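# What the coordinates show
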Amino acid sequence: MAALRVVTGAFAAASALFLAAPAAALDAPTVVSPASNASVQALPAFAWNAVAGAHRYEFALAADVGFNAPVLGAGEGQFFTRNTKATVKKTLPNGTYWWRVRAVSAAGAVSPWTAPRPLRKAWTHAPTLVSPTQGAVAT
């Protein structure tokens, strides 16, 4: 009977871990910039408002609205940051991309993702020749 009490006690302790109150729900961040459907020459800084209880944020950038075509590889197009802004270190070809962000608590609870926000990157400015000047001869 003592063995049964030990098992029951261990089961009760383990059950308490699973029945503990869930982590407090986090609100999804509110995206700030760039504006939805913005057209840009180069990728801008992405920004959102802070969320109460957030320890960090997960940022994601993809080539499709379903985020099935991540861009830039692991740690580059989807990553964690403690800031409310994110930048991408590499350039992307012209095209339409979607980004989103979610809050993560210190205990690992996550907020819903923000709605995917489209961004059109279209580098259309022609470069301007600086040097050599027209007619110059290189020696």
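Residues numbered from 1 in each chain as written. Predicted model: local features only at pLDDT ≥ 70, side-chain atom pairs only at ≥ 80, totals over all residues. Heavy atoms only, no water.

### Here we look at the side chain of Asp64
Along the chain, Asp64 turns up in the loop between strand 4 (56-62) and strand 5 (78-81). At 8.8 Å, Arg100 is the nearest oppositely charged side chain to Asp64, a buried residue that forms no salt bridge. Of note is the side chain of Asp64, whose polar atom sits 2.9 Å from the backbone nitrogen of Asn68. Other than its neighbours up to four places away in sequence, Asp64 contacts Ala69 and Trp98. (Helix = DSSP H or I, 4+ residues; strand = E, 2+ residues; numbered from the N terminus. Buried < 20%, exposed > 50% of the residue type's maximum accessible area, 1.4 Å probe, protein only. Lys, Arg positive; Asp, Glu negative; His and termini not counted. Salt bridge = Lys/Arg side-chain N within 4 Å of Asp/Glu carboxyl O. Polar contact = N/O pair within 3.5 Å; in protein donor to acceptor, adjacent residues only side chain to side chain. Contact = heavy atoms within 4.5 Å.)

### Regarding the nonpolar core
Counting residues in hydrophobic clusters, the biggest one holds 20 residues, and the most contacted among them are Phe46, Trp48, Tyr57, Phe59, Leu61 and Trp99. Secondary-structure elements contributing two or more residues to this core are strand 2 (38-40), strand 3 (46-48), strand 4 and strand 7 (95-104). With four residues, strand 7 is the single largest residue contributor to this core. (Core = buried A, V, L, I, M, F, W, Y, C linked by side-chain atoms within 4.5 Å.)

### What about the sheet that holds strand 8 (residues 117-121)?
Within the open sheet, the five strands sit side by side as 2-8-7-4-5. Their pairing is mixed. Strand pairing shows two members of the sheet lacking a second neighbour, strand 2 and strand 5, which therefore form its edges. Strand-to-strand twist across the sheet, computed as the mean angle between neighbouring axes with direction ignored, equals 25°. Strand direction decides the pairing type here: strand 2 and strand 8, joined by three bridges, are parallel. Paired with Ser39 across the two strands is Arg120, which belongs to strand 8. (Pairing = 2+ DSSP bridges. Axes fitted to C-alpha atoms, helices over the stretch in contact; angles between N-to-C directions.)

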